[in-house]
Amino acid sequence: RPEEEAMSLGFDVFAVAPKPIPSAVPGFEEAVGPATWPPSTSTLISDDDGALLVDCLITEQEGRGLAAWVKSHDRELRYVYITHPHADHFLGLPEILAEFPEASPVAMAESIPAMEEQISPGYMQVWGGFFPGQLTGKPVPPVPLAGTSIPVGGSTATVIPVGTTDTGHSSLVHVPGLSLVVSGDVVYNQTHMWLMGSTPDSRASWVRALDAVAALEADTVIAGHRNP
């Protein structure tokens, strides 16, 4: 019965604190203080019959912590959805798949070439400069999601492409049964936004994406990066 389904459907958020990174800007730390990577989130959406994890952080340690947290919910993880092609949202995937080998890692088909670029040797060298000795040596890209919906037990999560936000090929996850939007990097909450490569056109696209979030009138919006 629908009311029973609604009783078991729920979500939980795993948040990690800002991480220190080497500053690339001369004099930055003297002027501003230690450079940090923004605090990040992963979201578990589940009911009694299965679960979906949205995004999975970056370092091996975070991936292991996230996997243990998911396991503590005692739900069968069936899907891991990656919202956009920034490696800080999916380099933790090998640790998740080690714990949940049956889970399917998926993303929008058009976003996958950019994700594969993010885990190419050149890009991994750049990411490794931010997080020396902390990243997987065997990154895994997701596979294309067929269609735009992901089953969560007896309910459905809908993927909504929103174009360019802090990078191209961004998307949201909307769960109408929870009045929930998991925004990836479309929404930031009280933390500095990634604006490298930002242009007037990209910012206009980002505003349209925020309008798309607002139009869903969700009770809860989870930011990909937020003040913990």
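Each remark here, short or long, concerns the structure printed above.
In this report, the structure presented in the accompanying data block is examined. As the structure is a prediction and not an experimental result, all values here were calculated from the model.

Rules used throughout
Residues numbered from 1 in each chain as written. Predicted model: local features only at pLDDT ≥ 70, side-chain atom pairs only at ≥ 80, totals over all residues. Heavy atoms only, no water. Helix = DSSP H or I, 4+ residues; strand = E, 2+ residues; numbered from the N terminus. Expected span 1.5 Å × (residues − 1). Buried < 20%, exposed > 50% of the residue type's maximum accessible area, 1.4 Å probe, protein only. Arc of directions from axis to C-beta. Contact = heavy atoms within 4.5 Å. Phe/Tyr/Trp six-rings, centres within 6.5 Å; stacked < 30°, edge-to-face > 60°. Salt bridge = Lys/Arg side-chain N within 4 Å of Asp/Glu carboxyl O.

The next subject is helix H3 (residues 60-72). Relative to the 18 Å expected for 13 residues at 1.5 Å per residue, H3 spans 18 Å between its end C-alpha atoms, a close match to the ideal helical length. Buried within H3 we find Glu62, Gly63, Leu66, Ala67, Trp69 and Val70. Projected down its long axis, H3 shows its buried positions confined to an angular sector of 165 degrees, all on one face. Exposed and oriented more than 90 degrees from the buried face of H3 are Gln61, Arg64 and Ser72. Elements in contact with the buried residues of H3: strand E1 (10-16), strand E2 (19-20), strand E4 (40-47), strand E5 (50-54), strand E6 (77-81) and helix H4 (93-99). Positive backbone phi, approximately 55 degrees, marks Asp74, located one or two places after H3.

Now for the packing of aromatic side chains. In this description, an aromatic ring pair is defined by two values, namely the gap between the centres and the angle between the planes. Counted under the stated rule, the structure contains 8 aromatic pairs. Measuring from centroid to centroid gives 5.3 Å for Trp37 and Phe130, while their planes differ by 55 degrees, and the two rings are tilted. Taken as a pair, Trp37 in strand E3 (residues 36-37) and Phe130 in helix H6 (residues 121-130) lie far apart in primary sequence, 93 residues in all. Take Phe130: its relative accessible area is 23%, and that puts it in the partly exposed class. Between Phe130 and Phe131 the ring centres are 6.4 Å apart and the planes differ by 55 degrees, which places this aromatic pair in the tilted class.

Quick look at the pattern of salt bridges now. Under the defined criterion, the tally for this structure stands at 4 salt bridges. With a shortest N-O distance of 2.7 Å, Lys19 and Glu62 are connected by a salt bridge. Pair noted here: Lys19 is in strand E2 and Glu62 is in helix H3, with a separation of 43 residues, a long-range link. Notably, a salt bridge pairs Arg78 with Glu76, separated by 3.5 Å at the nearest N-O pair. Overall, the relative accessible area of 34% leaves Arg78 in the partly exposed class. Using a relative accessible area of 46% as the deciding quantity, one classes Glu76 as partly exposed.

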